[in-house]
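# Chains, contacts and geometry: an overview
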Amino acid sequence: MVCTGAKSEKAARQAVNKVAKKLKKHGIPIKNKPVIKIQNIVASAELGGEIDLEAIVYKLRKIMYEPEQFPGAVYRMDDPKVVFLIFSAGKLVCVGAKKEQQVYDAVDKLQKILEENEVIFYP
């Protein structure tokens, strides 16, 4: 079973358990409680500043930016192991986390990296 669209780990677990309970109620044999494994959390964030995507390419490693192909930069972070889509308006999409806390840690870390490299500008 794959669960998508949940707004938190807790909501995903509740949804899977609810479906399993309904399946059991309708005569489908379920012997054990479902083993739930979070594979990929997708989260969005807004940093509240503008990001210079042209400059970011020269200042960060593991980043790809081809504006003719896609309007955002793709940044691969090693720890936590996630991938960001970074847009010039300061919006982000973070994919690949397995725990909610990893998303929070990764966004905080990315914001610090952008600030240290002077590629984010706050109004």
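Because the structure is a prediction, the values reported are computed rather than measured. Throughout, a residue's number is its position along its own chain's written sequence, starting from 1. With pLDDT at 70 or above as the cut-off, local features in this predicted model cover only qualifying residues; side-chain atom pairs require 80 or more to be listed or tallied, and sums for whole chains, interfaces and linings still use all residues. Side-chain calculation: all heavy atoms of the structure are included, whereas hydrogens and water are not.

Our next topic: the sheet that holds strand β6 (residues 91-97). We treat two strands as partners when DSSP finds at least two bridges between them. Strands here mean DSSP runs of E at least two residues long; helices mean DSSP runs of H or I at least four residues long; both are numbered from the N terminus. As summarised here, the arrangement of the 5 strands in space is β1-β6-β5-β4-β3, forming an open sheet in which the pairing is antiparallel. Edge positions in the open sheet fall to β1 (41-46) and β3 (63-64), since each of these has one partner strand only. Where β1 and β6 come together, 6 bridges link them in antiparallel fashion. Pairing of I41 across the sheet is with A97, part of β6. Packing of helix α3 (residues 100-116) onto the sheet brings it into contact with β1, β4 (73-77), β5 (82-86) and β6, and relative to β4 it is tilted by some 115°. Contact criterion: two residues are considered in contact whenever any of their non-hydrogen atoms come within 4.5 Å of each other. Axis geometry follows a simple rule: fit a line to the C-alpha atoms, using only the stretch in contact for helices, then measure angles between N-to-C directions, giving values from 0 to 180 degrees.

Bringing a negative patch on the surface into the picture now. A grouping of D52, E54, E66 and E68 is seen on the molecular surface, where their side chains present a negatively charged patch. In this fold, E54 is placed in helix α2 (residues 53-59). Only residues whose relative accessible area exceeds 30% and that take part in no salt bridge are eligible for patches, with like-charged residues grouped when within 9 Å of each other and nonpolar side chains (Val, Leu, Ile, Met, Phe, Trp, Tyr) grouped when within 5 Å. For the accessible areas, the method is Shrake-Rupley and the probe is 1.4 Å, while residue cover comes only from the protein chains on display. Salt-bridge detection follows one rule: a side-chain nitrogen of Lys or Arg within 4 Å of a carboxyl oxygen of Asp or Glu. Counted as positive: Lys and Arg. Counted as negative: Asp and Glu, with His and the chain ends omitted from the count. Just so you know, the charge point we use is NZ for Lys, CZ for Arg, CG for Asp and CD for Glu.

Attention now moves to the nonpolar core. Working definition of a nonpolar core: buried Ala, Val, Leu, Ile, Met, Phe, Trp, Tyr and Cys residues. They are joined through side-chain atoms within 4.5 Å. For each residue, the accessible area found with a 1.4 Å probe, counting protein chains only, is set against the maximum for its type, and the residue is called buried under 20%, exposed over 50%, and partly exposed in between. Judged by nonpolar contacts, the single largest core of 28 residues is most densely connected at I56, Y75, F84, I86 and L114. Ranked by residue count, the leading element in this core is α3, at 6 residues. Ignoring sequence-local partners within four residues, the contact set of L114 consists of L47, I51, I56, L60, V119 and I120.

Structurally, the position occupied by N40 is in the loop between α1 (9-25) and β1. Sequence separation of N40 and F87 is 47 residues, and the distance between their C-alpha atoms is 21 Å. With sequence-adjacent residues up to four places away left out, N40 is seen in contact with V95, G96 and A97. A distance of 2.7 Å separates the side chain of N40 from the backbone nitrogen of G96, its partner in a polar contact. Pairs of N or O atoms within 3.5 Å make up the polar contacts considered here, provided that, within protein, one atom can donate a hydrogen while the other can accept it, and that residues adjacent in sequence are counted only when both atoms are side-chain atoms.

Empty space within the largest pocket amounts to approximately 910 Å³. Considering the residues around the largest pocket, the lining is formed by 32 residues, among which C3, A12, I38, N40 and I41 are closest to the centre. Going through the elements one at a time, α1, β1 and α3 are the ones with two or more residues in the lining of the largest pocket. Here a cavity denotes a set of grid points, spaced 1 Å apart and computed over the protein atoms alone, in which a 1.4 Å probe fits but from which it cannot get out, and a pocket denotes an open set meeting protein on both sides within 12 Å along at least five of seven lines; residues with an atom within 4 Å of a point are reported as lining. Grid points are joined across faces, edges and corners, and a volume is the space filled by probe spheres set on the points.

Another aspect to go through is α1. A rise of 1.5 Å per residue sets the reference length of α1, with its 17 residues, at 24 Å; its end C-alpha atoms lie 24 Å apart and thus fit the reference within 8%. When we look at burial in α1, the residues that qualify are E9, A12, V16 and A20. The arc that holds every buried residue of α1, seen down its axis, measures 65°, which confines them to one face. Along α1, the residues that are exposed and aim more than 90 degrees away from the buried face are K10, K18, K21 and K25. Those residues of α1 that are buried lie in contact with β1 and α3. Expected helix span is given by 1.5 Å per residue-to-residue step, counting one fewer step than there are residues. Working note: the arc is built from the helix axis to C-beta atom directions.

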